[in-house]
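Here is what each chain is made of, one letter per residue.
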Amino acid sequence: MRFLGNIEGKLDGKGRVFLPSVFRKVLSSAGEERLILRMDVFQSCLTLYPESVWNAQVDTLRRSLNRYNASHQQIFRQFVADAEEVVLDGNGRFLISRRNLQKAHIDQAVRFIGMDDTIEIWSADAAESPFMEAEEFGKALQELMKDGGALPF
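Residues numbered from 1 in each chain as written. Predicted model: local features only at pLDDT ≥ 70, side-chain atom pairs only at ≥ 80, totals over all residues. Heavy atoms only, no water.

**Considering the pattern of salt bridges**
Item 1. Taken as a whole and assessed by the stated rule, the structure comprises 12 salt bridges.
Item 2. Glu 8 is paired through a salt bridge with Arg 111; the nearest N and O atoms lie 3.0 Å apart. Residue Glu 8 is found in strand 1 (residues 6-10), and its partner Arg 111 is found in strand 7 (residues 109-115); the two are separated by 103 residues along the sequence.
Item 3. Residue Glu 8 is classed as exposed on the basis of its relative accessible area of 60%.
Item 4. For Arg 111, a relative accessible area of 14% puts it in the buried group.
Item 5. For Asp 82, the salt bridge identified is with Lys 103, shortest N-O distance 3.7 Å. With Asp 82 in the loop between helix 3 (70-81) and strand 5 (84-86) and Lys 103 in helix 4 (residues 98-103), the pair connects residues that are 21 residues apart, well separated along the chain.
Item 6. With relative accessibility at 17%, the residue Asp 82 sits in the buried group.
Item 7. A relative accessible area of 32% places Lys 103 in the partly exposed class.
Item 8. If you follow the salt bridges from partner to partner, you end up with Arg 38, Asp 82, Glu 84, Arg 99 and Lys 103 in one network. (Salt bridge = Lys/Arg side-chain N within 4 Å of Asp/Glu carboxyl O. Helix = DSSP H or I, 4+ residues; strand = E, 2+ residues; numbered from the N terminus. Buried < 20%, exposed > 50% of the residue type's maximum accessible area, 1.4 Å probe, protein only.)

**Things to note about the sheet that holds strand 5**
Item 1. The strand order across the open sheet built from 6 strands is 1-7-8-4-3-5, with neighbouring strands paired in antiparallel fashion. Both outer strands of the open sheet, strand 1 and strand 5, are each paired with one neighbouring strand and no more. Averaged over all neighbouring strand pairs, the angle between strand axes comes to 30°, with direction disregarded.
Item 2. Taken together, the 5 bridges between strand 1 and strand 7 define a ladder with antiparallel strand orientation. The residue of strand 7 that forms the bridge with Gly 9 is Val 110.
Item 3. Set on the sheet, helix 1 (residues 21-29) makes contact with strand 1, strand 3 (35-39), strand 4 (46-50), strand 7 and strand 8 (118-123); between it and strand 7 the angle comes to about 40°. (Pairing = 2+ DSSP bridges. Axes fitted to C-alpha atoms, helices over the stretch in contact; angles between N-to-C directions. Contact = heavy atoms within 4.5 Å.)

**Remarks on the packing of aromatic side chains**
Item 1. Applying the stated criterion across every chain yields a total of 3 aromatic pairs.
Item 2. Between Tyr 49 and Trp 54, the aromatic rings sit 5.1 Å apart at their centres with planes inclined by 70°, giving edge-to-face as the arrangement. Neither Tyr 49 nor Trp 54 differs from the other in exposure class; each is buried.
Item 3. Ring plane angle 5° and centroid distance 5.1 Å describe the contact between Trp 54 and Phe 79, whose orientation is recorded as stacked. Of this pair, Trp 54 sits in helix 2 (residues 51-64) while Phe 79 sits in helix 3; the two residues are 25 residues apart in sequence, bridging distant segments of the chain. (Phe/Tyr/Trp six-rings, centres within 6.5 Å; stacked < 30°, edge-to-face > 60°.)

**Here we look at the packing of helix 2 against helix 3**
Item 1. Relative to each other, helix 2 and helix 3 sit at 170°, their axes nearing to 10 Å. On the basis of the axis angle, helix 2 is roughly antiparallel to helix 3. On the side of helix 2, the interface is formed by Trp 54, Val 58, Leu 61, Arg 62 and Ser 64, while helix 3 contributes His 72, Gln 73, Phe 76, Phe 79 and Val 80.
Item 2. Per-class residue counts for the contact of helix 2 with helix 3 are 6 nonpolar, 3 polar and 1 charged. (Parallel < 35°, antiparallel > 145°, perpendicular 65-115°, else oblique. Nonpolar A, V, L, I, M, F, W, Y, C, P; charged D, E, K, R; others polar.)

Structure, rendered in C-alpha cells:
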C-alpha cells in the first residue's frame, strides 16, 4: 500500500473533510476499511493510518518497550491514547475532532500528503514547512545514497 501525492482539501462546517479519491482507491484495493488518526510524533500535523499499518506500528512499539518500566509505559500510553478511529461516510468524508484540529492548527483548508503507508494532514498554511529547499534536499539525498544505497538507473 503506497500513498503518493500532495492534495488540497477543505473542512466543512462540522469539521468533516473528503479523503482524496486517489487515497480511497489505494485503501479499497488493499481491502482496508478502518483508519486510525493521531497527532504526528514529530511534526505539527495529523497522521492517518490504515488499520493494518497502525496495528503493525503498535506491535513494533510494544515489542520495543518493557511493560514493567514506568517510562516505557508512559510512552506507550501516550502513543495509543492520542489515537482515534476514523470512519468514512458513504461520500468518503470523515470527521476530525475539534481537539485534533486545534493540535494541528487546522482552520479550514488542509493538505493531504501521501507518506508511503500513511497520510499526513496539514493545515494548508503550514503545508510547506515539512519540506526542505530543493538544494538542501538534493544534498541530503546524495549523502544518504552515496554508500551503496544508490538507486539503479
